[in-house]
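# Overview (structure and organization)
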Amino acid sequence: MSEIRIAPLTVVPSAGQVMRNAELAFCTASGRITYLGPPRGPLGPNDVDGDGRLAMPGLINAHTHSAMTLLRGHSDDVPLHTWLTHVRAFELRLTAADVLAGLRLALAEMLRSGTVGFVDMFQWDSTLLGAVSEAGMRVSAAPAVFGYDAVAFPMADATPGAAMLDRTAALAAEFAGDPLVGLAYGLHAPYTCPPDMIADVARRSAVDGIGVHIHLSETQFEVQESLRRFGSSPIRQVADLGLLDGRVHVAHAVHPREGDIELLARPGVTVAHNPVSNLKLGAGIAPVPAYIAGGVQLGLGTDSVASNNTLDMFEEIKNGALVQRGYAADPAVIAGSDLFRMATAGGAAAIDPTLSGVLAVGEAADIVLLDVTGTTATPFGDPGSFLAYAAHGTDVTDVFIAGRGVVRNRVVLAIDEAAARAEVTERAARIVSELVEA
Ligand SMILES: [Zn+2]
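This one's a predicted model, so the numbers in the text were calculated from it and none came from an experiment. (Residues numbered from 1 in each chain as written. Predicted model: local features only at pLDDT ≥ 70, side-chain atom pairs only at ≥ 80, totals over all residues. Heavy atoms only, no water.)

Moving on: the nonpolar core. With 113 residues, the main nonpolar core has Trp-124, Leu-187, Leu-243 and Leu-370 as its most contacted residues. Considering each element in turn, this core owes the most residues, ten residues, to helix α2 (residues 96–112). Each of two domains, domain 1 (3–57 + 356–412) and domain 2 (59–351), supplies a minimum of three residues to this core. Not counting the four nearest positions on each side in its chain, Leu-370 is found in contact with Gly-52, Arg-53, Leu-54, Met-56, Phe-314, Phe-386, Leu-387, Ala-391, Asp-395, Val-396 and Thr-397. Ranked by size, the runner-up nonpolar core spans 15 residues in total, among them Ile-4, Ile-33, Ala-55 and Ala-365. (Core = buried A, V, L, I, M, F, W, Y, C linked by side-chain atoms within 4.5 Å. Buried < 20%, exposed > 50% of the residue type's maximum accessible area, 1.4 Å probe, protein only. Helix = DSSP H or I, 4+ residues; strand = E, 2+ residues; numbered from the N terminus. Domains from an automatic or database assignment. Contact = heavy atoms within 4.5 Å.)

Laid out in structure tokens, this is it:
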């Protein structure tokens, strides 16, 4: 067994737990944690000096469209419908090479800021999944569909929705041997996907066991339109079509109607809360305390950088706690540790039900180390407080995923970051100039 030991360090094994002067060890072959307890003596040459470091479970970004990094800052201060028009015009000009470049930059950004896995809806194919696999990250990838005949990204991929559903199952079979890569059916939303398609996906999922990722009840307008067209909320509508009987991951759920919380609390259902995106687009504030009280399994996500503008999960943790307190005018309504749990264990349930998102012997070695010697960690009284309210992605020094080192001393090992930045700068500038000329 090839074991790597990290000591002496502070460990936050899960939300609300702290171990000081501890040792954490894992096996690189099994990818699992082998020891967590008091230091066991001098380190060997391959071990990691943990002095001045904190270890926590890897962050899971429970909802994003990661390849959209080319759109960072493209349309910041406009109403939602204008934003959608700007984003759509940009996306229609994306080529397959643009998408791959955008994804590479996103992978580097996520890894550097302590994210070990992400749940993503985009035009996924073998090449893109291969890039994630190469970087050593976990992904639940949902190839997006917008209707049976609709083509989402004509330049990048002109596959219509019906063929994309078949391709999703084929990709799941192709990557079945890769424990870090999972697939889900990517229904964009009930306002873009017809009811017969939603029912079709529910049937497919019941047969082949592939989960589903869908946007639901993001805006008040969407809910009102659903009530007008179908006589029910988006959440109730897809439940009536059988979609919430299986494994379904719901993005947003900002505006539940009566009875919706009970539907979202069903056993196979997980929900991604995206506080920064919801605030930036003015979509509203999700009733997170009511979801927690109602037993809804919640993860935390950034959504795309077009509505964020970073993939730093520490921003979601802090803002997610603050917005609930401000809205309720009550600081007791939610704790920082609630958001930390959502960003780790909550997201783990959404990306792969076999993951726990906690550091414990026998669990996956998805470990993030942070530097806790800087000014924002001083005095270092409560590590949980630091993680919820003072830490940033830039504090992350090392990341291990399934026991493989993917970031060491703030360097992403499998991606040339400078090249990824240069490529995205060049490609984004090309598209912006095309839009100006159009
Ligand atoms: Zn989204």
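Anyway, onward from the coordinates.
Partitioning the protein chain into domains gives domain 1 (3–57 + 356–412) and domain 2 (59–351). Here the C-alpha centroids of domain 1 and domain 2 sit 28 Å apart. Counting residues at the interface gives 28 residues for domain 1, matched by 29 residues for domain 2. Regarding the contact of domain 1 and domain 2, the summed buried area is about 2,200 Å², with carbon and sulfur atoms giving 67% of it. Area buried by domain 1 at its contact with domain 2 is led by Ala-15, Tyr-389 and Ile-401, which between them contribute 27% of it. Remark: the boundary between domain 1 and domain 2 carries one salt bridge. For the salt bridge of Arg-138 with Asp-366, the shortest nitrogen-to-oxygen distance reads 2.7 Å. Taken together, domain 1 and domain 2 are joined by seven residue pairs in polar contact (both at pLDDT 80 or more). (Buried area = accessible area lost by both parts, 1.4 Å probe. Salt bridge = Lys/Arg side-chain N within 4 Å of Asp/Glu carboxyl O. Polar contact = N/O pair within 3.5 Å; in protein donor to acceptor, adjacent residues only side chain to side chain.)

Taken across its six residues, strand β17 (residues 396–401) has six buried, putting it largely inside the fold. Bridge count for strand β16 (residues 367–371) against β17 is four bridges, and the pairing is antiparallel. In the strand pairing of β17, Ile-367 is matched with Phe-400. Counting the residues that bridge the hairpin from β17 to strand β18 (residues 404–408) gives two residues, and of these Ala-402 lies at a positive phi of roughly 50°. (Pairing = 2+ DSSP bridges.)

Ordered in space as β6-β7-β8-β11-β12-β13-β14-β15, the eight strands form an open sheet in which the pairing is parallel. The open sheet is flanked by β6 (59–64) and β15 (297–300), the only strands paired with a single partner. Averaged over all neighbouring strand pairs, the angle between strand axes comes to 25°, with direction disregarded. Pairing geometry for strand β8 (residues 138–145) and strand β11 (residues 181–187), over five bridges, is parallel. Looking across to β11, one finds that Ala-144 is bridged to Gly-186. (Axes fitted to C-alpha atoms, helices over the stretch in contact; angles between N-to-C directions.)

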